[in-house]
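# A closer look at the structure
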Amino acid sequence: MNFTSNVDWSGLLTPGISILEKVIRTVVVYLFLIIGLRIAGKRELAQMNPFDIVVLFLLSNAVQNALIGNDNSLLGGIVGSAVLLIINYIIVRYMYFNNKAEKVLEGVSDMLIENGVLKTD
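This write-up is about the structure you can find in this document. (Residues numbered from 1 in each chain as written. Predicted model: local features only at pLDDT ≥ 70, side-chain atom pairs only at ≥ 80, totals over all residues. Heavy atoms only, no water.)

## Observations concerning the pattern of salt bridges
Put simply, the rule is: Any carboxyl oxygen of Asp or Glu within 4 Å of a side-chain nitrogen of Lys or Arg constitutes a salt bridge here.
Applying the stated criterion to the full structure yields 2 salt bridges. The partner of K119 in a salt bridge is E114, with the nearest N and O atoms 3.4 Å apart.

So, in C-alpha coordinates, the structure goes:
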(Lines give C-alpha, C1' and ligand atoms only; values in the text may rest on other atoms or scores of the structure.)
Protein backbone atom coordinates (compact mmCIF):
# COMPACT_ATOMS: atom_id res chain seq x y z
CA MET A 1 0.00 0.00 0.00
CA ASN A 2 1.38 3.39 -0.99
CA PHE A 3 -0.11 6.16 1.20
CA THR A 4 1.94 8.97 -0.34
CA SER A 5 0.26 8.68 -3.74
CA ASN A 6 -2.89 10.39 -2.40
CA VAL A 7 -1.09 13.40 -0.91
CA ASP A 8 -1.19 16.68 -2.83
CA TRP A 9 2.23 17.96 -1.74
CA SER A 10 2.03 21.14 -3.76
CA GLY A 11 -1.35 22.07 -2.23
CA LEU A 12 -0.10 21.16 1.22
CA LEU A 13 2.97 23.37 1.11
CA THR A 14 2.03 26.14 -1.34
CA PRO A 15 0.25 29.03 0.36
CA GLY A 16 -2.80 30.50 -1.39
CA ILE A 17 -1.67 34.05 -0.58
CA SER A 18 1.75 35.60 -0.18
CA ILE A 19 3.60 35.20 3.11
CA LEU A 20 3.77 39.00 3.53
CA GLU A 21 -0.01 39.30 3.10
CA LYS A 22 -0.51 36.57 5.70
CA VAL A 23 1.79 38.39 8.15
CA ILE A 24 -0.02 41.71 7.61
CA ARG A 25 -3.45 40.09 7.99
CA THR A 26 -2.43 38.32 11.19
CA VAL A 27 -0.89 41.43 12.80
CA VAL A 28 -3.91 43.61 11.95
CA VAL A 29 -6.42 41.06 13.30
CA TYR A 30 -4.33 40.54 16.45
CA LEU A 31 -4.16 44.26 17.17
CA PHE A 32 -7.87 44.69 16.42
CA LEU A 33 -8.79 41.92 18.85
CA ILE A 34 -6.48 43.24 21.57
CA ILE A 35 -8.02 46.71 21.28
CA GLY A 36 -11.57 45.37 20.94
CA LEU A 37 -11.29 43.07 23.94
CA ARG A 38 -9.69 45.86 25.97
CA ILE A 39 -12.57 48.22 25.16
CA ALA A 40 -15.19 45.52 25.80
CA GLY A 41 -14.15 45.02 29.40
CA LYS A 42 -11.45 43.89 31.75
CA ARG A 43 -12.52 40.49 32.97
CA GLU A 44 -9.92 38.05 34.13
CA LEU A 45 -10.06 34.45 32.90
CA ALA A 46 -11.33 33.31 36.28
CA GLN A 47 -14.19 35.84 36.05
CA MET A 48 -15.46 34.70 32.65
CA ASN A 49 -18.98 33.41 32.46
CA PRO A 50 -20.24 30.99 29.76
CA PHE A 51 -21.32 33.91 27.57
CA ASP A 52 -17.78 35.35 27.54
CA ILE A 53 -16.35 31.98 26.53
CA VAL A 54 -18.90 31.64 23.72
CA VAL A 55 -17.95 35.11 22.45
CA LEU A 56 -14.26 34.10 22.42
CA PHE A 57 -15.05 30.96 20.40
CA LEU A 58 -17.19 32.93 17.97
CA LEU A 59 -14.51 35.60 17.60
CA SER A 60 -11.96 32.96 16.64
CA ASN A 61 -14.29 31.62 13.98
CA ALA A 62 -15.23 35.11 12.77
CA VAL A 63 -11.64 36.20 12.18
CA GLN A 64 -10.39 32.92 10.73
CA ASN A 65 -10.82 33.97 7.11
CA ALA A 66 -9.39 37.41 7.84
CA LEU A 67 -6.22 35.70 9.09
CA ILE A 68 -5.75 33.08 6.42
CA GLY A 69 -7.51 34.62 3.43
CA ASN A 70 -7.89 32.24 0.52
CA ASP A 71 -5.38 29.77 1.95
CA ASN A 72 -5.89 26.30 3.32
CA SER A 73 -2.28 25.17 3.09
CA LEU A 74 -0.31 23.73 5.95
CA LEU A 75 2.45 26.28 5.40
CA GLY A 76 -0.08 29.14 5.54
CA GLY A 77 -1.44 27.90 8.87
CA ILE A 78 2.05 27.55 10.29
CA VAL A 79 3.00 31.07 9.16
CA GLY A 80 -0.17 32.57 10.66
CA SER A 81 0.35 30.72 13.94
CA ALA A 82 4.02 31.71 14.10
CA VAL A 83 3.17 35.37 13.52
CA LEU A 84 0.56 35.27 16.31
CA LEU A 85 3.07 33.74 18.73
CA ILE A 86 5.81 36.19 17.76
CA ILE A 87 3.68 39.34 17.99
CA ASN A 88 2.25 38.17 21.31
CA TYR A 89 5.76 37.56 22.65
CA ILE A 90 6.88 41.03 21.52
CA ILE A 91 3.89 42.80 23.07
CA VAL A 92 4.14 40.89 26.36
CA ARG A 93 7.86 41.67 26.61
CA TYR A 94 7.21 45.33 25.80
CA MET A 95 4.57 45.54 28.52
CA TYR A 96 6.95 43.88 30.99
CA PHE A 97 9.49 46.66 30.52
CA ASN A 98 7.00 49.53 30.08
CA ASN A 99 4.57 49.98 32.98
CA LYS A 100 2.60 52.70 31.18
CA ALA A 101 1.91 50.40 28.22
CA GLU A 102 0.88 47.64 30.60
CA LYS A 103 -1.63 49.92 32.32
CA VAL A 104 -3.08 51.05 28.98
CA LEU A 105 -3.35 47.56 27.50
CA GLU A 106 -4.26 45.54 30.58
CA GLY A 107 -5.84 48.19 32.78
CA VAL A 108 -5.41 48.80 36.47
CA SER A 109 -6.77 46.40 39.03
CA ASP A 110 -9.51 47.62 41.35
CA MET A 111 -8.71 47.36 45.04
CA LEU A 112 -11.75 45.97 46.84
CA ILE A 113 -10.27 45.51 50.32
CA GLU A 114 -7.38 47.51 51.72
CA ASN A 115 -5.84 46.83 55.15
CA GLY A 116 -8.84 44.66 56.01
CA VAL A 117 -11.34 47.42 55.23
CA LEU A 118 -13.90 47.13 52.42
CA LYS A 119 -13.56 50.00 49.96
CA THR A 120 -17.02 51.16 48.92
CA ASP A 121 -15.83 53.73 46.38
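## Points about the environment of M48
Note the cut-off: In this text, helices come from DSSP runs of H or I with a minimum length of four residues, and strands from runs of E with a minimum of two, each type numbered from the N-terminal end. In this description, contact between two residues means that some pair of their heavy atoms is separated by no more than 4.5 Å.
Counting through the fold element by element, M48 comes out in the loop between α2 (19-40) and α3 (50-62). Beyond its immediate stretch of four places on either side in the chain, M48 contacts I53 and L56.

## So, the nonpolar core
Convention followed: The definition of a nonpolar core used throughout is a set of buried Ala, Val, Leu, Ile, Met, Phe, Trp, Tyr and Cys residues joined through side-chain atoms within 4.5 Å. Relative accessibility under 20% of the residue-type maximum defines a buried residue, over 50% an exposed one, and the middle range a partly exposed one, all with a 1.4 Å probe and only protein chains included.
Residues V29, L33, V63, L67 and I68 constitute the largest nonpolar core, which totals 5 residues. Listed by contribution, the elements that provide at least two residues to this core are α2 and α4 (64-68). Excluding residues that lie within four positions of it along the chain, V29 makes contacts with V63, A66 and L67.

## Describing a nonpolar patch on the surface
The following threshold applies: Like-charged residues within 9 Å of one another, or nonpolar side chains (Val, Leu, Ile, Met, Phe, Trp, Tyr) within 5 Å, are grouped into patches, provided each residue has over 30% relative accessible area and no salt bridge. Reported accessibility uses the Shrake-Rupley method at a 1.4 Å probe radius. Residues are deemed covered only where the shown protein chains occlude them.
A surface patch of nonpolar side chains, about 540 Å² in accessible area, is lined by V7, W9, L12, L13, L74 and I78. Elements that contribute at least two residues to the nonpolar patch include exactly α1 (9-13) and α5 (74-97). No other element matches the 3 residues that α1 contributes to the nonpolar patch. Among the structural elements, L12 can be located in helix α1.

## Observations regarding α5
Short version of the rule: In a helix, the anticipated span is given by 1.5 Å times the number of residues less one.
For α5, which comprises 24 residues, the first-to-last C-alpha distance of 35 Å matches the rise-based estimate of 34 Å (1.5 Å per residue) to within 8%. Looking at the buried positions of α5, the neighbouring elements they touch are α2 and α6 (99-106).

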